[in-house]
Structures are given as structure tokens and as C-alpha cells.
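# Summary of the model geometry
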Amino acid sequence: MRLFVAVRPPPEALAHLDAAVVSHRDDWLALGWVPAERWHLTLAFLGDVDPDRVDPLAQRLARTAARHPALTLSFAGAGTFPRGHAHARVVWTGVFGDRRELGLLAAGVVAAASRERIAVDDRPYRPHLTLARVRRPADVSPLVAELSSYAGPVWTVTDLQLLRSHLGPKPRHETLAHWPLGAG
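### What to know about the side chain of histidine 166
- Positionally, histidine 166 belongs in strand S8 (residues 159-166).
- Among the polar contacts listed, one links the side chain of histidine 166 to the side chain of glutamate 174, at a separation of 2.7 Å.
- Those residues in contact with histidine 166 that sit more than four places away from it in its chain are Pro171, Arg172 and Glu174.

### So, the sheet that holds strand S9 (residues 172-180)
- Strand order in the open sheet formed by 4 strands is S3-S1-S8-S9, with antiparallel pairing between adjacent strands. Lying at the two open borders of the sheet, with one neighbouring strand each, are strand S3 (41-48) and S9. Put simply, the sheet's adjacent strands are angled 20° from each other on average, direction ignored.
- Against the sheet, helix H2 (residues 54-66) contacts strand S1 (2-7), S3, S8 and S9, and its axis sits at roughly 55° relative to S9.
- Contacts between helix H3 (residues 99-115) and the sheet are confined to S1, S3 and S8, with S3 contributing the most and set at about 15° to the helix.

### A closer look at the sheet that holds strand S2 (residues 31-33)
- Overall, antiparallel pairing links the 5 strands, which are arranged S2-S6-S5-S4-S7 in an open sheet. On the outer flanks of this sheet lie S2 and strand S7 (155-157), each paired with one strand and no other. For this sheet, the mean angle separating the axes of adjacent strands, direction not counted, is 40°.
- Here 5 bridges tie strand S5 (residues 90-97) to strand S6 (residues 128-134), and the two strands are oriented antiparallel to one another. Residue glycine 94 lies in a different strand from S6, and its bridge partner there is histidine 128.
- The strands that H3 touches are strand S4 (71-81) and S5; relative to S4, the one it contacts most, it runs at about 85°.

### Here we look at the environment of serine 165
- Within the fold, serine 165 resides in strand S8.
- Each C-alpha atom of the pair serine 165 and glycine 47 lies 9.2 Å from the other, and the pair is 118 residues apart in sequence.
- The contacts of serine 165, once residues within four sequence positions are left out, are Arg2, Phe4, Arg172 and His173.

### Remarks on H3
- Taking 1.5 Å of rise per residue, the 17 residues of H3 would be expected to cover 24 Å, and the 24 Å separating its terminal C-alpha atoms lies within 8% of that figure.
- When H3 is considered as a whole, its buried residues turn out to be Leu102, Leu105, Ala106, Gly108, Val109, Ala112 and Ala113. For H3, the buried positions fall inside an angular range of 155° around the axis, keeping them on one side.
- Contacts from the buried residues of H3 go to S1, S3, H2, S4, S5 and S8.
- Backbone geometry just after H3 places arginine 117 at a positive phi near 60°.

Cut-offs applied
Residues numbered from 1 in each chain as written. Predicted model: local features only at pLDDT ≥ 70, side-chain atom pairs only at ≥ 80, totals over all residues. Heavy atoms only, no water. Helix = DSSP H or I, 4+ residues; strand = E, 2+ residues; numbered from the N terminus. Polar contact = N/O pair within 3.5 Å; in protein donor to acceptor, adjacent residues only side chain to side chain. Contact = heavy atoms within 4.5 Å. Pairing = 2+ DSSP bridges. Axes fitted to C-alpha atoms, helices over the stretch in contact; angles between N-to-C directions. Expected span 1.5 Å × (residues − 1). Buried < 20%, exposed > 50% of the residue type's maximum accessible area, 1.4 Å probe, protein only. Arc of directions from axis to C-beta.

As C-alpha cells, this is what we get:
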């Protein structure tokens, strides 16, 4: 099972961001735009996980969620990975607010997965929401400049989610479990 752990913004925050992005999609057809219904903030990508490990992992994630308070976040600005807009592979919007606490939650998720011997990418956590993937080399500087002034509404993260990725012609994410933050 291809799994990841994330938080999902509320529909109002996603609709606000989508309204800011929608007008750019037709101008940037070469980009692989992520549909709004798949937008989330990944805390840890777990990759392929043996189904027998899901329940023990879920128990650890429940404890992790209980130890962390609800978070206040918002989306703003834009950028790329890597940073050089001329050679970007990903276009994103930034995350503001309780970023330190979000990073601690992500670290807790990584620790929970590691305790279950699930290998997790050890790159530093960089909170962002992926808007689009660059399919062919393109200079996306004009797009990033236009989106850099975006500032979305403040919203609250209230739960942690374990999701499964279903790949294929119509990729989708399935929520396997979720736990409230700060329930402990």
C-alpha cells in the first residue's frame, strides 16, 4: 500500500486558493496541475507499506496526534522546487502560521513511522502545498511572480490523516484513518 501522512485544509481555504489559481491553468497548459480535491500538506511520505504494518502504525499515529495541539495556518505566496524558477519541477504555495508546531508534528509522524521500521525520507521538512508539477523544462518565473502576492484565509488544522495513494490514469487519495489533534 502506497501511504503518506498529511493534514487537509478545510474546503473554504481550498476554494479560496483554487479561485486564485484557476485563471492561471489555461495559461500554463504544460504544467501538471494538481486538482484541488487532492490538495493536502504532506507530513511524511511512507511509500509502499506492508498492510500488516498499517494497524501498529495507526496506533502510533493516534498517540502522535494526541500529543500535538490544533494548529492555525494559512497559505500565501508561491515558489518552486528547486528554487531556480527556470529549472523548476514543482510550483507551490507557502504555509504560514504555526509552522514550527507543524514541523514538530511532522517530526512526530516520522518518529512514529521509524519506530515501525517504515523508511521515511530524511530531508528537512518544508511546509508547502504543491500546485503543479513541471512536465517539461520551462521557466515558471512569470507564474511564480503572479502568485507571489496570494494571501489566503487563516484556518485550523484539527486532525492528522493516514492516506493511501491510488495511482493510475485518475490518481486519488483514500483516507484510511484520522485522529484529532490534542486529544490526549
